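This is what each chain is made of:
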Amino acid sequence: MEEGVPRRRDEGSERRCIVSRRTGSPDEMIRFVAGPDGAVVPDIRRKLPGRGVWVTASRAAVDEAVRRKAFGRGLKAAVTVSPTLAAEVEELLRRDAVQALALANKAGAVVTGFGKVEDAVASGAAVALVHAREAAEDGRRKLAQAVRRRGRAGGDQPSAELPVVGDFAEADLDLALGRAHVIHAALVAGPGSEGFLTRWRRLARYGADGPSGTGVSGGASRSSEEAPSGDLGTDTGEPAGFERNE
């Protein structure tokens, strides 16, 4: 199990997406539950109690679940769904990644400051680069050159495989790392690094097929979904290891 990623009770089982009806690992999906007020709530940590349904972890899939009114049928309850649910999920994933970066920093796995980041790349200690969205092209270019030089020198990790994270604003990095004006950072091997990269990749995959960084708009009304009279696409031929959406 990766460091920084807690083991969950659903680990190793499969889930079925209520949109595509395909089964897959819980790591490839987002769980949703109905809150006490009947509102559909994203459960990105997969810990909330009650019956849950699963949707492939992409903006397009969540938007489609909202459009089809699939949550009420899957949860077998009258629920309300925010029209901006897909954007709300993305914001939760972003916050989760920022929190994971803070944990990596607390564990001593983050280096900041252009010179220190450049040294970490040159020495082979860096396992990923992080640039604020506001980072100037010149700084990005210089660090990319350092990565290429490391690759030519025969570093442990080929330059093409060094992840470059550019999804977070300077304010996000400042919050995660507890300092002001963080523009460039590097992750080094250690507790927390893989946990952050796992969450960052999940965020990147989620937003890859749709608009990103739209934020959550307030004041939008929720749509209502009536409880169904039957199950949503009940499958009697469930594969080994499959568990129902509960």
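The structure we're discussing is the one just above.
The text that follows walks through the structure, step by step, so that each part is easy to find. From a predicted model like this one, the values you see are computed outputs, not experimental measurements.

By the definition in use, this model includes two aromatic pairs. Considering the side-chain rings of Phe168 and Phe196, the 6.2 Å spacing of their centres and the 45 degrees angle between planes classify their relative orientation as tilted. Of this pair, Phe168 sits in strand E9 (residues 164–168) while Phe196 sits in helix H7 (residues 193–207); the two residues are 28 residues apart in sequence, bridging distant segments of the chain. Note on accessibility: Phe168 and Phe196 belong to one class, buried.

Before going further, it helps to examine the sheet that holds strand E3 (residues 29–34). Strand order across the open sheet formed by three strands is E4-E3-E5, with antiparallel pairing between neighbours. Only two strands of the sheet have a single neighbouring strand rather than two, namely strand E4 (40–43) and strand E5 (52–56). Taking each pair of neighbouring strands and ignoring which way they run, the sheet shows an average axis angle of 35 degrees. Packing against the sheet, helix H1 (residues 59–67) makes contact with E3 and E5, and its axis sits at approximately 130 degrees to E5.

What follows concerns the pairing of strand E10 (residues 184–188). In terms of residue burial, E10 counts as a mostly covered element, since five of its five residues are buried. Of the two faces of E10, the one lined by His184, Ala186 and Val188 and the one lined by Ala185 and Leu187 are each fully buried. With three bridges connecting them, strand E7 (residues 110–112) and E10 associate as antiparallel partners. Within E10, the position partnered with Thr112 by the bridge is Ala185. Summarising the sheet, strand E8 (residues 126–132) and E10 pair through five bridges and their orientation is antiparallel. Considered in E10, the bridge of His131 is made with His184.

Another aspect to go through is the pattern of salt bridges. Close approach of charged atoms allows side chains of opposite charge to pair. Counted according to the given criterion, the structure contains 13 salt bridges. Note that Arg94 is salt-bridged to Glu91, the shortest N-O span being 2.6 Å. Of this pair, Arg94 and Glu91 are both found in helix H3 (residues 85–106), three residues apart, which corresponds to roughly one turn of the helix. Of the residues examined, Glu91 reaches a relative accessible area of 16% and is grouped as buried. In this structure, the salt-bridge partner of Arg149 is Glu118, at a minimum N-O distance of 4.0 Å. Of this pair, Arg149 sits in helix H5 (residues 137–152) while Glu118 sits in helix H4 (residues 114–123), placing them 31 residues apart in sequence.

With respect to the helices, strands and loops of the structure, Glu170 is situated in helix H6 (residues 170–177). The buried charged residue Glu170 lacks any salt bridge, with Arg133 as its nearest oppositely charged partner at 10 Å. A polar contact of 3.1 Å, which involves the side chain of Glu170, links it to the side chain of His181. Residues within four places of Glu170 in sequence aside, it is in contact with Ala132, Glu134, His181, Val182 and Ile183.

Rules used in this analysis
- Residues numbered from 1 in each chain as written.
- Predicted model: local features only at pLDDT ≥ 70, side-chain atom pairs only at ≥ 80, totals over all residues.
- Heavy atoms only, no water.
- Phe/Tyr/Trp six-rings, centres within 6.5 Å; stacked < 30°, edge-to-face > 60°.
- Helix = DSSP H or I, 4+ residues; strand = E, 2+ residues; numbered from the N terminus.
- Buried < 20%, exposed > 50% of the residue type's maximum accessible area, 1.4 Å probe, protein only.
- Pairing = 2+ DSSP bridges.
- Axes fitted to C-alpha atoms, helices over the stretch in contact; angles between N-to-C directions.
- Contact = heavy atoms within 4.5 Å.
- Salt bridge = Lys/Arg side-chain N within 4 Å of Asp/Glu carboxyl O.
- Lys, Arg positive; Asp, Glu negative; His and termini not counted.
- Polar contact = N/O pair within 3.5 Å; in protein donor to acceptor, adjacent residues only side chain to side chain.

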